There are 2 protein chains.
Amino acid sequence: MKGNLTIVGLGPGPSSQITQEVEFALMQATDIVGYGPYVARAATADAVLHASDNRVELERAHHALDLAAAGRRVVVASSGDPGVFAMAAAVFEALEHRPADHGLDIHVLPGVTAMLAAAARVGAPLGHDFCAINLSDNLKPWALIEKRLRLAAEADFAMAFYNPRSAARPHQFAAALDILRDVCGVARFIVFARAVGSAEERIEVSTLGAATAEMADMRTLVILGSSTTRRAGRFLYTPRSAP
Amino acid sequence: MKGNLTIVGLGPGPSSQITQEVEFALMQATDIVGYGPYVARAATADAVLHASDNRVELERAHHALDLAAAGRRVVVASSGDPGVFAMAAAVFEALEHRPADHGLDIHVLPGVTAMLAAAARVGAPLGHDFCAINLSDNLKPWALIEKRLRLAAEADFAMAFYNPRSAARPHQFAAALDILRDVCGVARFIVFARAVGSAEERIEVSTLGAATAEMADMRTLVILGSSTTRRAGRFLYTPRSAP
């Protein structure tokens, strides 16, 4: 039997934001691999579920490749889009060191990543050039994050921040806000979008002057406007044109 | 009758990459407004279709708001995600100048934007921090684009370029490649993803040293790797960790 591996994005939360091709891949799967809460969302009647803890991405990727190499039809389930701070990069990192498996049938199916769902809730804050930065320093030095924040602010990008704040390093998001205030000023719009699409969704539109680190946790997607981001009624948008 | 306006993303092309909530919005619509090819993709049996030319985004937005204000259930259809270089920002720009319509029932439904679909085709080149830049200078000065390219390269972002090249300004994409070669060097990976998801799809993985402006047209989404982007078998990915 010839196995395969499909790395899918479940979108930000609601099943109505899953694409049809991802649903189809799940229906075909013999095995669904992923972080526990995502496997629970992806579960089908037929598939064997392989739920694992957070922060074991590489082990999980090897496990999925093992299953596919053994002939199973494996789906690796990510929240949002699998290519944005999610499982696709981990699977290819594992694959790189397994040359015997380079011929495996592997596909990535995109999804709606959190920043797009959060942006849609408030209007169109990412309507002009923007960047996406993972604020977690689990896998990169904090100095690199600070450098990127300064350069992105100087480039006047709108910005989306993933994983803004954890219990283990609560001070770092405060430091990030200080840098952004320094370069962008206190009037800049900032959006805290928590648990978008879920029953616990909470969206807060604020400014850098009023923002505090406590307004974010690990379930929050933060969007910072560019210098041109403005209000239109109850919405926030970044115009298509720049001066 | 109370009208409403829903700005939806159809995804990059195939109907299998549309979310369920967007399909549902289309089924409810009395009117579908958009650029001709997108309206054709979104068409339903019941809706009145309002197809318009490219580059009339603001007029189209006012037309959609007029229809909603008159009590129609209007869908504005964008390709990809409506908030990324698409119609959502145009609708809010029009809305800003129509205070009488600020109470209208308006929603944005996200979609799979082109860079996520293109990235999925080659692996996970946006697996670490990245930015998205519209290379068209229709609505912003070229000098700002050059400045953003240099700062983004200095920040070592992976980059996705929308609208890289038009017949009207073929020299500009060549100038962009020169800037990127200057900062990133010739070995940097670059991906040309044309018409992703369609029958004419063509994906080319190259390097800045070998890349020429002719490898892109207006249907191409270009992805530049960061300094850490590497191969895993036939795939390209940007590792989750950075030194």
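On a predicted model such as this, the values are computed, not experimentally measured, just so you know. (Residues numbered from 1 in each chain as written. Chains lettered and ligands numbered in written order. Predicted model: local features only at pLDDT ≥ 70, side-chain atom pairs only at ≥ 80, totals over all residues. Heavy atoms only, no water.)

**Looking at the overall build of chain A**
Helices and strands together make up the secondary structure of chain A, namely seven helices and 13 strands. Relative to the compact-globule value of 18 Å for 243 residues, chain A shows a C-alpha radius of gyration of 19 Å, a close match. Here the C-alpha coordinates of chain A stretch approximately 60 × 35 × 35 Å along the principal axes. Buried positions account for 61% of the 243 residues belonging to chain A. Nonlocal contacts in chain A, meaning residues at least 24 apart in sequence, comprise 68% of its contacts between residues at least 6 apart. (Helix = DSSP H or I, 4+ residues; strand = E, 2+ residues; numbered from the N terminus. Rg over C-alpha atoms; globule rule 2.2 N^0.38 Å. Buried < 20%, exposed > 50% of the residue type's maximum accessible area, 1.4 Å probe, protein only. Contact = heavy atoms within 4.5 Å.)

**A few points about the state of the cysteines**
According to the stated counting rule, one finds zero disulfides over all chains in the structure shown. Between Cys131 of chain A, a cysteine without a disulfide, and Cys131 of chain B, which holds the nearest cysteine sulfur, the sulfur-to-sulfur distance is 6.8 Å. On the accessibility criterion, Cys131 of chain A (0% relative accessible area) is buried. Looking at Cys184 of chain B, it has no disulfide partner, and the nearest cysteine sulfur is the one in Cys131 of chain B, 10 Å off. With a relative accessible area of 13%, Cys184 of chain B lands in the buried category. (Disulfide = S-S within 2.5 Å.)

**Focus on the sheet that holds strand β9 (residues 189–194) of chain A**
A sheet is described by the order of its strands in space; here 10 strands give the open sequence β10(A)-β9(A)-β11(A)-β8(A)-β7(A)-β7(B)-β8(B)-β11(B)-β9(B)-β10(B), paired in mixed fashion. The open sheet terminates on both sides in strands that have one partner only, identified here as β10 (202–207) of chain A together with β10 (202–207) of chain B. Averaged over all pairs of adjacent strands, the angle between strand axes in this sheet comes to 15°, irrespective of strand direction. Pairing analysis gives six bridges linking β9 of chain A to β10 of chain A, with the strands arranged antiparallel. Each bridged residue has a counterpart across the sheet, and for Ile190 of chain A the counterpart in β10 of chain A is Ser206 of chain A. (Pairing = 2+ DSSP bridges. Axes fitted to C-alpha atoms, helices over the stretch in contact; angles between N-to-C directions.)

**Here's the deal with helix α5 (residues 114–122) of chain B**
Residues and elements named next belong to chain B. In terms of burial, α5 is a largely internal element, seven of the nine residues being buried. When we look at burial in α5, the residues that qualify are Met115, Leu116, Ala117, Ala118, Ala119, Ala120 and Val122. Looking one or two places after α5, you find Gly123, whose phi comes out positive at around 135°.

**Notes on the relation of the copies chain B and chain A**
Note on the copies: chain B fits chain A at an RMSD of 0.0 Å, the axial shift is 0.0 Å, and the rotation between them is 180°. Both chain copies can therefore be described as sitting about a two-fold axis. Closest approach to the rotation axis within chain B is made by the C-alpha atom of Cys131 of chain B, at a distance of 1.9 Å. Taken together, the interface assignments show that 100% of the residues at the interface of chain B recur at the interface of chain A, consistent with an identical surface on both copies. (Least-squares fit on C-alpha atoms with pLDDT ≥ 70 in both.)

**Some thoughts on the domain arrangement of chain A**
Residues and elements named next belong to chain A. Here chain A is partitioned into domain 1 (4–112) and domain 2 (115–237). Just the C-alpha atoms count here: the centres of domain 1 and domain 2 sit 28 Å apart. If you look at the interface, domain 1 gives seven residues, while domain 2 gives nine residues. Of the roughly 640 Å² buried at the junction of domain 1 and domain 2 (both faces included), carbon and sulfur atoms supply 66%. Summed over the shared surface of domain 1 and domain 2, the result is zero salt bridges. (Domains from an automatic or database assignment. Buried area = accessible area lost by both parts, 1.4 Å probe. Salt bridge = Lys/Arg side-chain N within 4 Å of Asp/Glu carboxyl O.)

**Regarding the sheet that holds strand β6 (residues 123–124) of chain B**
In space, the three strands of this open sheet follow the order β6-β13-β12 (chain B), with mixed pairing throughout. Of all the strands in the sheet, the pair left with one neighbour each is β6 and β12 (230–232) of chain B. In this sheet, strand β13 (residues 235–237) of chain B lies alongside β6 of chain B in parallel orientation, the contact comprising two bridges. By the bridge assignment for β13 of chain B, Gly123 of chain B is matched with Leu236 of chain B. Helix α4 (residues 87–96) of chain A rests against β6, β12 and β13 of chain B of the sheet, and its axis sits at about 120° to β13 of chain B.

**Comments concerning the nonpolar core**
One finds Leu149, Phe161 and Phe173 of chain A together with Leu149, Phe161 and Phe173 of chain B to be the most contacted residues of the largest nonpolar core, which totals 56 residues. Excluding its chain neighbours within four sequence positions, the residues that come into contact with Phe161 of chain A are Ile133, Leu135, Leu149, Leu180, Thr220, Leu221, Val222 and Leu224 of chain A. Judged by nonpolar contacts, the second largest core, of 44 residues, contains Ala119, Val122 and Tyr162 of chain A together with Val191 of chain B. (Core = buried A, V, L, I, M, F, W, Y, C linked by side-chain atoms within 4.5 Å.)

**Remarks on the UniProt feature "domain: Tetrapyrrole methylase" (unreviewed entry) in chain A**
Mapped onto this structure's residue numbering, the UniProt feature "domain: Tetrapyrrole methylase" (unreviewed entry) falls at residues 5–210 of chain A. Segment residues 5–210 of chain A splits into 37% helix and 24% strand. End C-alpha atoms: 46 Å apart. (UniProt positions renumbered as here; feature names shortened; annotations may be inferred.)

**Focus on the environment of Ala195 of chain B**
All names here are of chain B. Locating Ala195 in the fold gives a position in the loop between β9 (189–194) and β10. Taking relative accessible area as the criterion, Ala195 reaches 8% and is therefore assigned buried. Sequence-wise, Ala195 and Val122 are 73 residues apart; in three dimensions their C-alpha atoms are separated by 14 Å. For Ala195, the contacting residues outside a window of four places in its chain are Glu200, Glu201 and Arg219.

**Focus: the interface of chain B and chain A**
Every contact between the two is made by 71 residues of chain B and, on the other side, 71 residues of chain A. Between chain B and chain A lies a buried interface of about 6000 Å² when both sides are counted; carbon and sulfur atoms form 58% of it. If you sort the residues of chain B by the area they bury against chain A, Leu139, Arg148 and Arg240 of chain B come out on top, with a joint share of 12%. Applying the counting rule to chain B against chain A returns 10 salt bridges. Across the pair Asp129 of chain A and Lys140 of chain B runs a salt bridge whose closest N-O atoms are separated by 2.4 Å. Here chain B and chain A share 36 residue pairs in polar contact (both at pLDDT 80 or more) between them. Partitioning the side of chain B that touches chain A into residue classes produces 37 nonpolar, 17 polar and 17 charged. Direction of pairing for strand β7 (residues 130–134) of chain A relative to strand β7 (residues 130–134) of chain B: antiparallel, over a ladder of three bridges. Across the sheet, the residue bridging to Ala132 of chain A is Phe130 of chain B, located in β7 of chain B. (Polar contact = N/O pair within 3.5 Å; in protein donor to acceptor, adjacent residues only side chain to side chain. Nonpolar A, V, L, I, M, F, W, Y, C, P; charged D, E, K, R; others polar.)

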